[in-house]
Amino acid sequence: MTSGKTRRQVIQLIAGGLVLTAGTPDSVLAEPSPRVLAWADLSPTGEAVLLPPVVHSGPGAGQPQGDFRSVPELDAQLVRIPGFIIPLEFDDLDVVEFILAPYKGACIHVPAPPPNQLVHVRTDDPFPSAKLIRPVWVTGILQTLKTETGVAATGYSMRASQIELYKRS
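As a starting point, this report considers the structure included with it. (Residues numbered from 1 in each chain as written. Predicted model: local features only at pLDDT ≥ 70, side-chain atom pairs only at ≥ 80, totals over all residues. Heavy atoms only, no water.)

Remarks on the overall build of the chain
- The helix and strand tally for the chain stands at 3 helices and 8 strands.
- Reading the helices (α) and strands (β) of the chain from amino to carboxyl end gives α-α-α-β-β-β-β-β-β-β-β.
- Out of the 169 residues in the chain, the part that is buried amounts to 35%.
- At a minimum sequence separation of 6, the contacts of the chain that also span at least 24 residues come to 70%.
- For the chain, the computed accessible surface area is about 10200 Å², with 56% contributed by carbon and sulfur atoms. (Helix = DSSP H or I, 4+ residues; strand = E, 2+ residues; numbered from the N terminus. Buried < 20%, exposed > 50% of the residue type's maximum accessible area, 1.4 Å probe, protein only. Contact = heavy atoms within 4.5 Å. Areas by Shrake-Rupley, 256 points an atom, 1.4 Å probe, with all protein chains shown as cover.)

Dropping the structure here:
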C-alpha cells in the first residue's frame, strides 16, 4: 500500500502541473518537428520532378502518367512540404480539399505528374481561395495512400494541420 506521503506527492504532481514541467527540458515538451520534404523524397528512385511538356489539349492532357509507387517509410510521418494548390472542394469560397502539386499549373492543361508526385490533402481549417495562386507549405501526417480524384491520381494523402504561404526556411 502507498504511504500517505507518497499519495500526497502524487496528488501534488497531478494537481500542480507546474511540478511536472518545472525541470523538464523544452525539447521534451515541444511538439515534434515535421520532417521537411522535397518532391524528390516522394519518389522511390529519389529523382527530382521534371516539368512536363506543355500540352494544352489532345491525348494525355490532364491525365495522370508514370510511376505511382510511393515510399513506404514516409507512411504516418509528420511532414512539411511546399507546393501549389489544385482545389477540389470548397466551403463557401475557401478550399477544404485539394491536390498539392510540385509546380504551378500541374494537372491543368498539361499531363499530370506521376501520382507519387501529388498529395491529396484535406483540411479542417479552410484555406482562403484568394491565395490559391501562391505557393504554400503544408504540414500534416502523410499517408502512402493512392487516391483517384476527378483531376488526377495521387500517391499520397494528408490531413493538413497547418497551411501557410510559402517562405524559404
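A word on the side chain of Ser-43
- For Ser-43, the position within the fold is in the loop between β1 (35–36) and β2 (77–91).
- With residues near it in sequence (within four places) discarded, Ser-43 still touches Val-71, Asn-116 and Gln-117.

What about the nonpolar core?
- Of all hydrophobic cores here, the largest spans 22 residues; its most connected members are Leu-42, Leu-100, Val-119, Val-138 and Leu-142.
- When residues of this core are traced back to their parent elements, those giving at least two are β2, β3 (94–101), β4 (119–128), β5 (136–143) and β8 (156–165).
- If near-sequence neighbours (up to four positions away) are discounted, Leu-142 is found in contact with Leu-37, Leu-42, Leu-74, Asp-75, Ala-76, Gln-77, Val-79, Val-119, Tyr-156, Ser-157 and Met-158.
- By size, the runner-up hydrophobic cluster in this structure holds 9 residues, among which are Ile-86, Tyr-103, Cys-107 and Ala-112. (Core = buried A, V, L, I, M, F, W, Y, C linked by side-chain atoms within 4.5 Å.)

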